[in-house]
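# Commentary on secondary and tertiary structure
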Amino acid sequence: MPATEPARVPDFLYGTAWKEDRTPALTELALRSGFRGIDTANQRRHYFEEGVGQALATAYRAVQTKFTYEGGQDHRLPYDPAAPLSTQVAQSMASSLEHLGTDYVDSYVLHGPASGYGWTEHDAEVWAAMIKERDGGRTRLLGVSNVSIRHLHQMVASGAEPPAFVQNRCFARLGWDRDVRAFCRERKIVYQGFSLLTANLEVLHSRRVGEIAARLRATTPQVVFRFALAVGMLPLTGTSDAEHMKQDLASRHLSLSADDVSAIERLAG
């Protein structure tokens, strides 16, 4: 598929973090189960990106990968740490394309800003380099992950091109990342939510979600994923269970009422 065609954004992503040697088999299983979007990163500490490439060798699907700063890596770096950040981005992208066996990826994400306190000159340099990768046809869309509302406001105030995606760990007790989601909605940025289950066990075990699940003859994870879709999120799941993969995808067909959605929103502590 040539990179000049319009980008197609799937409505559910399969996350490949922490799968190690099981990555090829689980990625292939996810594709067979119906996932059409795969999330990975060129960060050997948490991802086996080359294993994703092995699974993709027989079937093209939308792929999103990430650039990770040295502080988030282990000793298996995909770039020269002594090189300028812009060169590191280019080297990381070249390594990702080799791992994945392709000449472009659908989405390239900055895997967390350099500082937890704000958008820095390092982030600006990396972002400019990522735009260069996009303009060179090696990716179609750009995103940022693990960002606060402060990061996003500072990014936009700096005059930087806004991202197409924001990917965050989404906690119910923090309002389901309400401020960041509102920022994204106002600017037509796609919000990707991850750890929707593992970060929200209290929601899965809540009486209200249990009642909704019983009424719909669904599982509580399915209710959470359908809620995420209803409020405009693109959810990620990283399950390694084949039946759960099918259930997660089937959540798209559940019908939550406005009262259901509102009730789950209010579960935020």
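See above for the structure.
Residues numbered from 1 in each chain as written. Predicted model: local features only at pLDDT ≥ 70, side-chain atom pairs only at ≥ 80, totals over all residues. Heavy atoms only, no water.

## Focus on the environment of T65
Quick reminder of the rule: Helix numbering and strand numbering both begin at the N terminus, where a helix is a DSSP run of H or I of at least 4 residues and a strand a DSSP run of E of at least 2. Two residues qualify as a contact provided that any one of their heavy atoms is within 4.5 Å of a heavy atom in the partner residue.
Counting through the fold element by element, T65 comes out in strand β3 (residues 62-67). When the C-alpha positions of T65 and T40 are compared, they lie 4.8 Å apart, and in sequence the two are 25 residues distant. Each residue touching T65, except ones within four places of it in the same chain, is listed here: T40, A41, N42, E49, S96, V105, S107, Y108 and V109.

## A short note on the environment of R252
To keep things clear, this is the line we draw: In the analysis that follows, any N or O atom pair within 3.5 Å is treated as a polar contact, provided that within protein one partner can donate a hydrogen and the other can accept it, and provided that, for residues neighboring in sequence, both atoms belong to side chains.
Among the secondary structure elements, R252 is positioned in the loop between α10 (242-250) and α11 (258-266). Linking R252 and E133, residues 119 residues apart in sequence, is a C-alpha distance of 33 Å. Those residues in contact with R252 that lie beyond four places of it in its chain are D11, F12, R226 and L229. At a separation of 2.9 Å, a polar atom in the side chain of R252 contacts the main-chain carbonyl oxygen of L249.

## Some words on the packing of aromatic side chains
Filter applied, for reference: Aromatic pairs are defined between Phe, Tyr and Trp rings, using the six-membered ring for Trp, whenever the two ring centres lie within 6.5 Å; interplanar angles under 30 degrees are classed as stacked, those over 60 as edge-to-face, and all others as tilted. Each ring is checked for a lysine NZ or an arginine CZ that lies within 6 Å of its centre and within 35 degrees of its normal; such an atom marks a charge sitting over the ring.
Inspection of every chain in the model, using the stated rule, returns seven aromatic pairs. In this structure, R187 is placed above the aromatic ring of F183, and the distance from its NZ or CZ to the ring centre is 3.8 Å.

## Things to note about the side chain of R226
Put simply, the test is: Only protein chains enter the accessibility calculation, which uses a 1.4 Å probe; a residue is then buried when its area is under 20% of its type maximum, exposed when over 50%, and partly exposed in between. None of His or the chain ends enter the tally, which takes Lys and Arg as positive and Asp and Glu as negative. Here a salt bridge means any side-chain nitrogen of Lys or Arg lying within 4 Å of a carboxyl oxygen belonging to Asp or Glu.
By secondary structure assignment, the location of R226 is in helix α9 (residues 220-230). Of the buried charged residues, R226 lacks a salt bridge, with D11 as the closest side chain of opposite charge at 8.8 Å.

## Here's the deal with the nonpolar core
Nonpolar side chains in soluble globular proteins tend to end up buried together. To keep things clear, this is the line we draw: Definition of nonpolar core: a set of buried residues of the types Ala, Val, Leu, Ile, Met, Phe, Trp, Tyr and Cys, connected through side-chain atoms within 4.5 Å.
Among the nonpolar cores identified, the biggest contains 60 residues, and V144, V166 and W176 are the most heavily contacted of them. Dropping the residues within four chain positions of it, V166 is found in contact with V144, V147, L152, V180, C184, I189, V190, Y191 and Q192.

## What to know about helix α1 (residues 23-33)
Of all 11 residues in α1, eight are buried; the element is thus mostly enclosed. What α1 keeps buried is the set T23, P24, L26, T27, L29, A30, L31 and S33. Against β1 (13-15), β2 (37-39), α2 (49-56) and α10 lie the buried residues of α1. Positive backbone phi, at 125 degrees, marks G34, one or two positions downstream of α1.

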